[in-house]
Amino acid sequence: MKEHWQIFSKGLIAENPIFILALSLCPALAVTTTVINGLTMGLTVTFVITTNNVVVSIVRKWVNPKVRVPVYITSIATIVTVAQLVLQAYFPVLYKAMGIYLALVVVFAIILARAEVFASKNGVWKSFLDGFGMGCGFTLAMLTIAVIRELFGAGTILGVPIFGAGYEPMLMMILPPGAFILIGYLVAACKTWNAKQEEKARLAELKAGKEA
Amino acid sequence: MGEYLTLFIGAVVVNNFVLTKFLGLCIFFGISKNLSASVGMGMAVTSVMTMSSILAWIVYFFVLEPLGLTFLTTIVFVVLTASFVQLLELVIKKQAPALYNMWGIYLLLIATNCIVLAVPLLNVESNYSLLKSIVFAIGSGLGFAVAIILMASLREKLVYANVPKPLQGIGIAFILAGMLSLAFLGFAGML
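Residues numbered from 1 in each chain as written. Chains lettered and ligands numbered in written order. Predicted model: local features only at pLDDT ≥ 70, side-chain atom pairs only at ≥ 80, totals over all residues.

**Structural notes on the overall build of chain B**
- Secondary structure assignment for chain B yields eight helices and zero strands.
- Listed by position from the N terminus, the elements making up chain B come as α-α-α-α-α-α-α-α.
- On C-alpha atoms alone, chain B measures out to a radius of gyration of 18 Å, which is about the 16 Å that the 2.2 N^0.38 rule sets for 191 residues.
- Looking at chain B as a whole, 42% of its 191 residues are labelled buried.
- The long-range share in chain B, meaning contacts at least 24 apart out of those at least 6 apart in sequence, stands at 78%. (Helix = DSSP H or I, 4+ residues; strand = E, 2+ residues; numbered from the N terminus. Rg over C-alpha atoms; globule rule 2.2 N^0.38 Å. Buried ≥ 20, exposed ≤ 12 C-beta atoms within 10 Å, placed from the backbone. Contact = placed C-beta atoms within 7 Å.)

Put into C-alpha cells, the structure is as follows:
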C-alpha cells in the first residue's frame, strides 16, 4: 500500500512535471490566463498520460524496443485525438480556448517520458498510479499558475470578482511576459522549498547518528 | 505582395512563436546556454519546419481532405514530421557528413517538438495556400532563431552576474525571457 502511495504521490511535488522537471512548459504558460482554461488543460493531460501509461504497460511485452518510440507516439496521438473530439463535441467553448495547444499535447515531453521511464517497465496498476500522480501534479501546477494570473490579471477567480470593483487589473499578468516572469519566481520558490527539506533531512540524519 | 510581407513580419516579430505563443520552449531554454549552438538550432528549426510544412500541406489537401479524414490530422502530422526528421537525419548522415556533425544532434531534438508540429497545424487550420504556408513557416523559423540567438547572447553575459541562489539556472532564464517578451510586445502595434 505504502509503495503504491509513493508511486502516486511523487508526481505531486517531489517530481512535479512543471516546477521540478521543467517539462511540458508550453501549455503551462499558454493556457493559464484563466483558471478554467488551466483546469481543462490539466484534466486533459491527466486523462492522456494515465490512459497512455496503461496502454503502454499492456503492450510492453509485444513491442520491439527498436520501434518503441513510434509506437508510443502513435498511441499518444490516438488518445489525444479522442480527447480532442470529446471536448469539441461537449465543450466547444473550452475547445476553442485551448486552440492549437490541445493538439500539441501529443508532443508533451512528460507523457512520452513517463511511458519510456515507467510504463514500459512496470505492471498495469502501477503504471496507472504513476500516470495519474503525474497528471495530478501537472494539474496542480497549472492551477497554481492560473489562479495567480487570473487573480492579479483580471481580479477574478473562475470569473468571480475577488478584489471588488475598484481593482485595477494588472494587465501584464495575463500577457506573455507576466507568465514568463511568474514561472521564474515559482521555480525559485520550489527550489528554495526543496533545499530546505533536504537540509531538514540532513539535520535529522545527523541527530539520529549522534543518538546511535 | 503586401499580404505576404505582413504575414512574414507578423510571424517573425509580432507573433513571435517563442515569446508570445510559448512554442518550442524546451529547446529554447535547453540550447540557449550556448551561442553557437543556438545559431545552429535556429537554422535547423527553420529548414525542418519549412520542409515539413510543405509535406504536411500536400498530405492534408490531397489526401486527408478529399477522403474526409481531417479528424486524423493530429496523428498523421505527428507521424509525418517525426518520420520526416528521422529520414532527413539518415540522408544527411550519408550524403553530407560534415553538415551532420554540425546539425545532427539538433535534428534528433526537434523530431517531436511542439514548434515543428504547430506550424503545419496552423497552416492548414488557417487554410493558407502552399506559398503562404512556406512564407509563414520561414517567418516562424526565423522568429525562433532571432529569439534563441538574443537569449543566448543575454545568457552568456549572465555568467558574470551575481544571481541570487534560488534563481540560478532556469529561474533567471525565465525572467530574462519575460523581459525579452516584454520588449517584443512593443512590435504589437506594427501591423
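**Details of the interface of chain A and chain B**
- Facing 30 residues of chain A, the contacting portion of chain B comprises 32 residues.
- Only helix H2 (25–30), helix H4 (68–90), helix H6 (100–103) and helix H10 (176–211) of chain A provide two or more residues apiece to the side of chain A that touches chain B.
- Considering every element that reaches the side of chain A that touches chain B, the biggest residue donor is H10(A), with 10 residues.
- Here the side of chain A that touches chain B is composed, by residue class, of 23 nonpolar, six polar and one charged. (Nonpolar A, V, L, I, M, F, W, Y, C, P; charged D, E, K, R; others polar.)

**Concerning the confidence of the model for chain B**
All names here are of chain B.
- Of the residues in chain B, 97% reach a pLDDT of 70 or more, and the chain-wide mean stands at 85.
- The element-level mean pLDDT for chain B is lowest in helix H5 (residues 97–109), coming to 73, with helix H7 (residues 130–158) highest at 90.
- What the predictor reports for the complex is a pTM of 0.83 with an ipTM of 0.83. (pLDDT = per-residue confidence, 0-100.)

**A closer look at unusual backbone geometry**
- With phi around 60°, Phe22(B) is a residue other than glycine that occupies positive phi space.
- Here Phe22(B) falls in the buried class, since 25 other C-beta atoms lie within 10 Å of it.

**Focus on the confidence of the model for chain A**
- In this model, chain A carries an average pLDDT of 84, and 97% of its residues clear a pLDDT of 70 or more.
- Element-level mean pLDDT values for chain A span from 75 in H2(A) up to 91 in helix H3 (residues 35–59) of chain A.

**What to know about helix H6 (residues 114–125) of chain B**
All names here are of chain B.
- Compared with an ideal rise of 1.5 Å per residue, which puts 12 residues at 16 Å, H6 spans 16 Å between its outermost C-alpha atoms and is within 8% of the ideal.
- Burial analysis of H6 places 11 of its 12 residues in the buried class, the great majority of the element.
- Those residues of H6 lying buried are Cys114, Ile115, Val116, Leu117, Ala118, Val119, Pro120, Leu121, Leu122, Asn123 and Val124.
- Where H6 ends, the next residue or the one after it, Asn127, has phi of about 60°, a positive value. (Expected span 1.5 Å × (residues − 1).)

**Considering the nonpolar core**
- Ranked by internal contacts, the top residues of the largest apolar core, which has 103 residues, are Cys26(A), Ile76(A) and Leu104(A).
- Here this core takes 10 residues from H7(B), the largest share from any one element.
- If near-sequence neighbours (up to four positions away) are discounted, Leu104(A) is found in contact with Cys26(A), Cys114(B), Leu117(B) and Ala118(B). (Core = buried A, V, L, I, M, F, W, Y, C linked by C-beta atoms within 7 Å.)

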